[in-house]
Amino acid sequence: MGTCCSCCRQGSEDYEEIKGSAKEEGEEAGGGGGGGGDVQKSDSVSAWDAEFLESKTSGWSFVTHCAVFAFPSGKLRAARPSGFTPNQTGVNDIIAALQGDSAGLEERSVALGGQTPVCTPGKIDDGKAIYCSSSTGEGGGCIAVRTNESLLVVFYNENADAAFTLTTEMAEYMVDNGR
């Protein structure tokens, strides 16, 4: 049957498994065992968010960190790699900018901590996305995209075009699935 989108390297059986394991927002993700060990899960993460990040970003060497937050609360749903706990002030700055108040980004740039680079916002796209470049000058950056009820943030260290395509397709998939 193909794949869920062009960035997904998983077959349709894997897609159906991820889709079938989705839980309602706020329901705690079920038990352990392999596969999701590389994804940081918050107390209220749904299995959908954690498995979504794992399936979409595994194998892409340019993705260094990524996270899904509830929008507009900023509550962490899932983050990758395991142990990445984004700075809440940085998350709040992104959300505020998407809602029209960019003062936090102007003062602090995009700074989520956890070994992610501080990124300089380049463009805010009509309250839907923020495109940033790394302030280190070594390439890379981050893309933050608002979906129906989520904020997706992806950090990359190279290949901005592929990162843009991947993040855009991930966001479209989230929107199509009511996320």
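These numbers were taken from a predicted model, which means no experiment stands behind them. (Residues numbered from 1 in each chain as written. Predicted model: local features only at pLDDT ≥ 70, side-chain atom pairs only at ≥ 80, totals over all residues. Heavy atoms only, no water.)

K.L.:
Help me understand helix 5 (residues 160-176) in this model?
P.N.:
Along an α-helix, residues three or four apart share an orientation, since each turn contains 3.6 residues. With 17 residues, helix 5 extends 24 Å from end C-alpha to end C-alpha; this agrees with the ideal 24 Å at 1.5 Å per step. When helix 5 is considered as a whole, its buried residues turn out to be A163, L166, T167, E169, M170, A171, Y173 and M174. Remark: G178 follows helix 5 within two positions and exhibits a positive phi of approximately 70 degrees. (Helix = DSSP H or I, 4+ residues; strand = E, 2+ residues; numbered from the N terminus. Expected span 1.5 Å × (residues − 1). Buried < 20%, exposed > 50% of the residue type's maximum accessible area, 1.4 Å probe, protein only.)

K.L.:
I would appreciate a short explanation of the state of the cysteines in the present structure.
P.N.:
By definition, a disulfide is the covalent link that joins the sulfur atoms of two cysteine residues. Across all of its chains, the model carries 0 disulfides by this definition. No disulfide involves C119; its sulfur sits 4.1 Å from the nearest other cysteine sulfur, which is in C142. On the accessibility criterion, C119 (0% relative accessible area) is buried. Here C132 stays unpaired: no disulfide links it, and the sulfur of C142, its closest cysteine neighbor, is 3.9 Å away. A residue is classified by how much of its surface remains accessible, and C132, at 5% relative accessible area, is buried. (Disulfide = S-S within 2.5 Å.)

K.L.:
Can you walk me through the packing of aromatic side chains in this structure?
P.N.:
Pairs of aromatic rings are described using the distance from one ring centre to the other and the angle between the two planes. Applying the stated rule across the entire model yields 5 aromatic pairs. Ring plane angle 10 degrees and centroid distance 6.1 Å describe the contact between W48 and Y173, whose orientation is recorded as stacked. Residue W48 is found in helix 2 (residues 47-57), and its partner Y173 is found in helix 5; the two are separated by 125 residues along the sequence. The residues W48 and Y173 share a single accessibility class, namely buried. Taken together through their ring pairs, the aromatic side chains of W48, F52 and Y173 make up a single cluster. (Phe/Tyr/Trp six-rings, centres within 6.5 Å; stacked < 30°, edge-to-face > 60°.)

K.L.:
Can you help me understand unusual backbone geometry in this one?
P.N.:
Both trends apply: most residues other than glycine have a negative phi, and most peptide bonds are in trans. In this model, F71 is joined to P72 through a cis peptide bond whose omega is 15 degrees. As for its position among the elements, P72 is in the loop between strand 2 (63-70) and strand 3 (76-80). In the segment running from R80 into P81, the intervening peptide bond is cis, with an omega of 5 degrees. Mapped onto the fold, P81 is located in the loop between strand 3 and helix 3 (88-98).

K.L.:
Please clarify how the side chain of D93 should be interpreted in this entry.
P.N.:
Secondary-structure assignment places D93 in helix 3. Since its relative accessible area comes to 7%, D93 is described here as buried. There is a polar contact of 2.8 Å between the side chain of D93 and the side chain of R108. When near neighbours in sequence (up to four residues on either side) are disregarded, D93 contacts G104, L105, R108 and S109. (Polar contact = N/O pair within 3.5 Å; in protein donor to acceptor, adjacent residues only side chain to side chain. Contact = heavy atoms within 4.5 Å.)

K.L.:
Would you mind going over the pattern of salt bridges with me for this structure?
P.N.:
Two side chains of opposite charge can pair, provided their charged atoms sit close to one another. For the coordinates displayed, the defined rule picks out 5 salt bridges. E149 serves as the salt-bridge partner of R77, at 3.9 Å between the closest nitrogen and oxygen. Placement of R77 in strand 3 and of E149 in the loop between strand 6 (141-146) and strand 7 (150-156) is noted, with a sequence separation of 72 residues between them. Judged by its relative accessible area of 3%, R77 is buried. Close ionic contact of D93 with R108 constitutes a salt bridge, the shortest N to O distance being 2.8 Å. Remark: R108 occurs in helix 4 (residues 103-108) and D93 occurs in helix 3; sequence separation between them is 15 residues. Each of D93, E107 and R108 takes part in a single network of salt bridges with overlapping partners. (Salt bridge = Lys/Arg side-chain N within 4 Å of Asp/Glu carboxyl O.)

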